[in-house]
Amino acid sequence: MNPTRKVISSRSDRLIILVGAILPLIGTLVALVLVWERLATWRDVAILAGMYFLTGIGITIGYHRMLTHHSFRTSPVVRFIFLALGSIAGHTSPVRWAAIHIQHHARADVEGDPHSPLDGLFHAHFGWFYDGMNPQPETYGRWLLKDRMALFFQRTFMLWFAVGFVVPYLLGGWTGVLWGGLVRMFLSHHVTWSVNSICHTFGFRTFETDDVSTNNWWVGLLALGEGWHNNHHAFPQSAFHGLRWWQIDFSAYVIWLLEKVGLVWQVQRVSKEAQDARLLQLATVKSNATTRNDANGQMTGARRRRVRSQSPG
Ligand SMILES: [Zn+2]
Ligand SMILES: [Zn+2]
């Protein structure tokens, strides 16, 4: 079987988008009514929190920092567990996710970025699915097509997607499915999508990058560290997206813990010198920007993008 064709097959895409976007919204509205009627229980909240965290680190650690950016090395067993958790999150399969994300880094906020808010905030958050989610691993991440474990999860994705509903059912019956399945998926989707939309629009910039990525504390908190997105664009391979003690990054804490007990190794870190070098460049850009009455580094990045997109070639 041609793995490329398998990866870009979109037969189940529409179903996943329907199940993955509309049903969680309906489920969350029902859950809010239950809260209003005081029919939600602490067990429901615990199932939601547990499922949200475990599937969340499947995406942030498994799909993103481990599979896409090789931020650390680990054993096949730990790798399998993280890719399983990421698949259970139900966003999309790991090869598709990684290929889209590699393309985002390669084309961030210029022509070819799958989800830049410079094409509209709604497009960046959600609309890009409908405009055509088209992962291109043969161009962005060809090595993914030789990753047998990632391809296994590619083939069996729907099974893991179902696990994301079966487990909450076993833990809490149908209200477990409502909270640990649908509400969890609604929150997980919108928080992850906020990294694409909010963290390229609102927040602050610490490092100079060729895009308009920002750091945003509340996305950082909810997205288990992924909201320190300007840090991440500056240093994509770093296992730690929060680079200051106050930049809360739950995914980094998990990686740190796993490193301490010997389950992961060769954890990529950014030296203070490397960080300072990027800060100094930003300071230079900022002082130039001030003379042109720019508001901040983000505006500078947006201007650069427009200049780049207008220039021939
Ligand atoms: Zn980005
Ligand atoms: Zn990334």
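Being a predicted model, the structure only gives us computed values, none of them experimental.

Take the environment of Val19 next. As for its position among the elements, Val19 is in helix H2 (residues 13-36). For the pair Val19 and Leu182, spaced 163 residues apart in sequence, the C-alpha to C-alpha distance is 9.3 Å.

This next bit is on the environment of Arg278. Residue position: Arg278 is located in helix H12 (residues 272-291). Between the alpha carbons of Arg278 and Phe235 there is a distance of 9.8 Å; along the sequence they are 43 residues apart. Setting aside residues up to four positions removed in sequence, Arg278 forms contacts with Phe207, Glu208 and Ala234.

One non-glycine residue, Asp109, lies in positive phi territory at about 60°. Within the fold, Asp109 resides in the loop between helix H5 (94-106) and helix H6 (121-130). Classification of Asp109 as buried rests on a count of 25 C-beta atoms within 10 Å. Even without being a glycine, Gln266 presents a positive backbone phi close to 50°. With respect to the helices and strands, Gln266 occurs in the loop between strand E2 (264-265) and H12. For Gln266, a count of 11 C-beta atoms within 10 Å corresponds to the exposed category.

Within the largest apolar cluster, 42 residues are counted, with the highest numbers of intra-cluster contacts made by Ala98 and Ala99. Mapped onto this core, the elements with two or more residues apiece are helix H3 (42-68), helix H4 (76-88), H5, helix H7 (148-155), helix H8 (157-197), helix H9 (217-222) and helix H11 (250-260). Setting aside chain neighbours within four positions, we find Ala99 in contact with Pro135, Gln136, Pro137, Tyr140, Gly141 and Leu144. Counting residues in each nonpolar core, the second largest holds 13 residues, with Ile47, Tyr52, Trp179 and Leu182 among its members.

Orientation of H3 relative to H8, taken along the N-to-C sense of each, is 55°, at an axis distance of 8 Å. Our classification of the angle between H3 and H8 gives oblique. The handedness of the crossing between H3 and H8 comes out as right-handed. Partitioned by chemical class, the residues of the contact of H3 with H8 number 10 nonpolar, nine polar and three charged.

What follows is about the environment of Tyr169. With respect to the secondary-structure elements, Tyr169 resides in helix H8. Taking the C-alpha atoms as reference points, Tyr169 and Gly181, separated by 12 residues in sequence, lie 8.5 Å from one another.

All right, on to the confidence of the model for the chain then. Per-chain confidence: the chain averages 86 in pLDDT, with 83% of residues scoring 70 or above. Scored below 50 in pLDDT, residues 1-9 shows 14 contacts in the model against residues more than four places distant or in partner chains.

Procedures and definitions
Residues numbered from 1 in each chain as written. Chains lettered and ligands numbered in written order. Predicted model: local features only at pLDDT ≥ 70, side-chain atom pairs only at ≥ 80, totals over all residues. Helix = DSSP H or I, 4+ residues; strand = E, 2+ residues; numbered from the N terminus. Contact = placed C-beta atoms within 7 Å. Buried ≥ 20, exposed ≤ 12 C-beta atoms within 10 Å, placed from the backbone. Core = buried A, V, L, I, M, F, W, Y, C linked by C-beta atoms within 7 Å. Axes fitted to C-alpha atoms, helices over the stretch in contact; angles between N-to-C directions. Parallel < 35°, antiparallel > 145°, perpendicular 65-115°, else oblique. Left-handed = near helix turned anticlockwise from the far one by under 90°. Nonpolar A, V, L, I, M, F, W, Y, C, P; charged D, E, K, R; others polar. pLDDT = per-residue confidence, 0-100.

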